[in-house]
Amino acid sequence: MAQQHGIIVLFDVENALRTRSLDGNTYWFDNMKFLGSAGVGTEQLVTIVPGTHFSDGSQATEQVLNWLPAVLGAIPPTVPRNYLAEQERADDRRTLRELASLDGEGGVSDADIKRLQRRVGKRARKSGGGRGLTESKLLDVTGRTTSDSGAYNYPAPVITDITGPAVAEKIMYPAQYGSPDMIYDGWYWAATVDTSRPGVYPYTMHVQLHELVERNDELVWESVDLTCGSSLKITNDPKRNGFTGAGLGVLPLPPVPAAG
Amino acid sequence: MPPRNRQSERRPTRPVTITAVVDPVAALASENLDDNLYLYDTNKTVGSTGFGTPELHSRVRKGDTLLWNVLPLECETYVALIDIEIDPRIAEPTRKVYPGTDIVFWTAEVKQDITEPVPYRLSFLLGTVSTPFTPTARPALAGPADEERGGR
C-alpha cells in the first residue's frame, strides 16, 4: 500500500464564527505536493491520489486518506493528546495544594484568595447538540486557566460528515473511526479510495465549530455547523518495478550471489 | 443559518497569533524551507497579506501581543521555532513553552506603531539536523498604514 495521505485543514475559527461561513477561512494541506498535489496551503487544494493498476486492469494500490482539523490561533495539536484535560487537572491540584498551605493562624490575605479564585477559572457547559467536546475549564491560547470568556482557546473543529461527488460516485469511502483513546475526543475521519477511475472529484466536508456564549449567567459551548470543500485528483498508471522502471517481474538480482 | 453570537462585537483579548505551517519531510528532503513554509496570522480582517507564503505581512499596532507557534504537517517529525530576529525597538520575542510540555511558542509585545514594514527572520530546527533552517524569504510586521507598494 502506498503511503497514507494526511490532509490537514487549518481553520480560521474566529473569522468563521464572525462571518458564519468557512469561505476564505480554511487553509488545506497534504503531504503529497511532491507527487503533484496543487494549491497546498490555500483554500483550493486538489489532492493527488496516484493509483496503479496491474496488467489485467485490476486495481494495484489502495489509497488511504486521513483528515486532521487544526485551529489557527489556538494551542497547536502537537501538545500531548488530552492536553486540555491534563492541564485542567494539574491546575486544580496546584490550586488545592496552595489552598491547603494557606496559613490560617495569621489570617488569610485577600490577595491570596483572589489569586486562587482566579486560578479556579471558569467552566463551560456543553449544549445539547455539541459533538466531540468534553466539558472542561477554559484555557487561554497559551495553555493557562482563564476566566475571561473573550480569551479562550478555540476547541478543534469536529468533522461530522464527508459528502459530495467523490463520495456519491463511490470514488472514496469515508468513515469516522475511534482511536483507542476513547475518553477524550479520540475520533478521526479516514477514507479508502478507488483509484481505478481517474479524474477530479470534489467533496464537501461538514464541520462543527464551537463558540462560547453566555446564557442565563452561565457559559455554554454553542455548536455552529458549516461546510467547506476540496477535491481529489485520481491518476492511474500501470504498476511498475520501482527499481528498474520496467514492468513487474523479478528484481534484477543474480540468482546466485557472485563468488568471492 | 446558525444564530449569531451575541458576544461577537466585543473584541477578544487573544494575542495576534502567527502560525508557521511546516512540511518538515519535504523541507528535509529538498533542503529548502522556503518552498515548504506557509505562514498565517489571525489578523486577516485587519489587512494582513501574504497568507500561505513565507512572506506574511502581519498588520499590528502598538501594544498588540504577538504569539508565534508551529504546526508541522508530519506529526512524527520534530519541528521547533528556535529563534526570531527582529529589531528590538519594535519587539523583543521571548521563548516560552505550553505549561507541562516542551512545545515552544514565542511571544512579544509590539513596542511602537510601525510605519514601514519591519522584516524579521524565523529559524527552525527540523528532524535531527542540528543546523537551523532559516528561510531566505522574510515575513514582516506592518503597521496599520497602507502598504500597497508593489511588493508582497
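Before reading on, note that the structure itself is shown above.
An account of the accompanying structure is given in this report. (Residues numbered from 1 in each chain as written. Chains lettered and ligands numbered in written order. Predicted model: local features only at pLDDT ≥ 70, side-chain atom pairs only at ≥ 80, totals over all residues. Heavy atoms only, no water.)

### Here we look at the packing of aromatic side chains
Residue and element names in this part refer to chain A. One pass over the full model with this rule turns up twelve aromatic pairs over all chains. When the ring of W67 is compared with that of Y203, the centres are 5.7 Å apart and the planes differ by 70°; the resulting orientation is edge-to-face. Linking W67 in strand β4 (residues 63-71) with Y203 in strand β9 (residues 199-215), this pair joins segments that are 136 residues apart in sequence. Overall, Y203 belongs to the buried group, its relative accessible area being 2%. Arranged with centres 5.1 Å apart and planes meeting at 70°, the rings of Y152 and Y154 form a pair that is edge-to-face. Grouping residues by exposure puts Y152 and Y154 together as buried. (Phe/Tyr/Trp six-rings, centres within 6.5 Å; stacked < 30°, edge-to-face > 60°. Helix = DSSP H or I, 4+ residues; strand = E, 2+ residues; numbered from the N terminus. Buried < 20%, exposed > 50% of the residue type's maximum accessible area, 1.4 Å probe, protein only.)

### Here we look at the interface of chain A and chain B
Tallying the contact residues gives 46 residues for chain A and 38 residues for chain B. Of the roughly 3400 Å² buried between chain A and chain B on both sides combined, carbon and sulfur atoms contribute 55%. In this assembly, chain A and chain B are joined by one salt bridge. Where B:R14 meets A:E14, a salt bridge forms, and the shortest distance between an N and an O atom there is 3.5 Å. By residue class, the composition of the side of chain A that touches chain B is 21 nonpolar, 13 polar and twelve charged. (Contact = heavy atoms within 4.5 Å. Buried area = accessible area lost by both parts, 1.4 Å probe. Salt bridge = Lys/Arg side-chain N within 4 Å of Asp/Glu carboxyl O. Nonpolar A, V, L, I, M, F, W, Y, C, P; charged D, E, K, R; others polar.)

### Re the nonpolar core
Ranked by size, the top nonpolar core spans 82 residues in total, and within it A:F29, A:W67, A:M172, B:W68 and B:F124 carry the most contacts. The leading source of residues in this core is strand β10 (residues 218-238) of chain A, at seven residues. Look past the residues within four positions of A:F29 in its chain and what remains in contact with it is A:G6, A:I7, A:I8, A:L10, A:V40, A:G41, A:L45, B:V21, B:Y38, B:Y40 and B:L73. The next biggest cluster of nonpolar side chains, apart from the first, holds seven residues, and it includes A:I75, A:V79, A:V141 and B:F105. (Core = buried A, V, L, I, M, F, W, Y, C linked by side-chain atoms within 4.5 Å.)

### Re the side chain of B:R59
Residues and elements named next belong to chain B. For R59, the position within the fold is in strand β3 (residues 57-59). Residue R59 is classed as buried on the basis of its relative accessible area, which comes to 9%. A polar side-chain atom of R59 sits 3.1 Å from the main-chain carbonyl oxygen of P144. (Polar contact = N/O pair within 3.5 Å; in protein donor to acceptor, adjacent residues only side chain to side chain.)

### Quick word on empty space enclosed by the protein
Within this structure, the stated rule accounts for two cavities of 30 Å³ or more. There is about 120 Å³ of room inside the largest cavity. Looking at the largest cavity, it is lined by 14 residues, and the ones nearest its centre are A:E14, B:R14, B:P15, B:T17 and B:T42. Counting residues per element, the ones that place at least two in the lining of the largest cavity are α1 (13-19) of chain A together with β1 (16-22) of chain B. (1 Å grid on protein atoms, 1.4 Å probe; cavity = no way out; pocket = protein on both sides within 12 Å on 5 of 7 lines; lining within 4 Å. Points joined across faces, edges and corners; volume = space filled by probe spheres on them.)

### Observations concerning the environment of A:K239
Residue and element names in this part refer to chain A. Relative to the assigned elements, K239 resides in the segment after β10. Once the C-alpha coordinates of K239 and T61 are considered, the two residues, 178 residues apart in sequence, prove to be 8.7 Å apart. Apart from the residues lying within four places of it in its own chain, the contact partners of K239 are T52, H53, F54, A60 and L248.

### Structural notes on the sheet that holds strand β10 (residues 140-142) of chain B
Residues and elements named next belong to chain B. With mixed pairing, the three strands of this open sheet are ordered in space as β3-β10-β8. Two strands in the sheet have a free side with no partner beyond their single neighbour: β3 and β8 (118-119). Both β8 and β10 contribute to a ladder of two bridges, which runs antiparallel. Within β10, the position partnered with V118 by the bridge is L141. (Pairing = 2+ DSSP bridges.)

### Notes on the environment of A:S223
Position of A:S223 relative to the elements: it lies in strand β10. A:S223 sits eleven residues away from A:L212 along the chain, and the two C-alpha atoms are 8.8 Å apart.

### Quick notes on helix α2 (residues 83-101) of chain A
With 19 residues, α2(A) extends 27 Å from end C-alpha to end C-alpha; this agrees with the ideal 27 Å at 1.5 Å per step. Those residues of α2(A) that sit buried are A:Y83, A:A85, A:Q87, A:E88, A:D91 and A:T95. (Expected span 1.5 Å × (residues − 1).)

### With respect to the pairing of strand β8 (residues 187-193) of chain A
Residue and element names in this part refer to chain A. Pairing analysis gives five bridges linking β4 to β8, with the strands arranged antiparallel. The residue of β8 that forms the bridge with Q63 is V193. Pairing between strand β7 (residues 172-178) and β8: seven bridges, direction antiparallel. By the bridge assignment for β8, Y177 is matched with Y188.

### Observations concerning the environment of A:T160
Position of A:T160 among the secondary structure elements: in strand β6 (residues 158-163). Relative accessible area serves as the criterion here: at 16%, A:T160 is assigned to the buried category.

### Things to note about the sheet that holds β7(A)
Residues and elements named next belong to chain A. If you walk across this open sheet you meet the five strands as β2-β1-β4-β8-β7, and the pairing is mixed. Of all the strands in the sheet, just β2 (26-30) and β7 have a single pairing partner and so form its edges. Adjacent strand axes in the sheet meet at a mean angle of 25°, parallel and antiparallel pairs treated alike. Bridge count for strand β1 (residues 5-11) against β2 is five bridges, and the pairing is antiparallel. Counterpart to I7 in the pairing with β2 is D30. (Axes fitted to C-alpha atoms, helices over the stretch in contact; angles between N-to-C directions.)

Keep in mind these numbers describe shape, not what the thing actually does.
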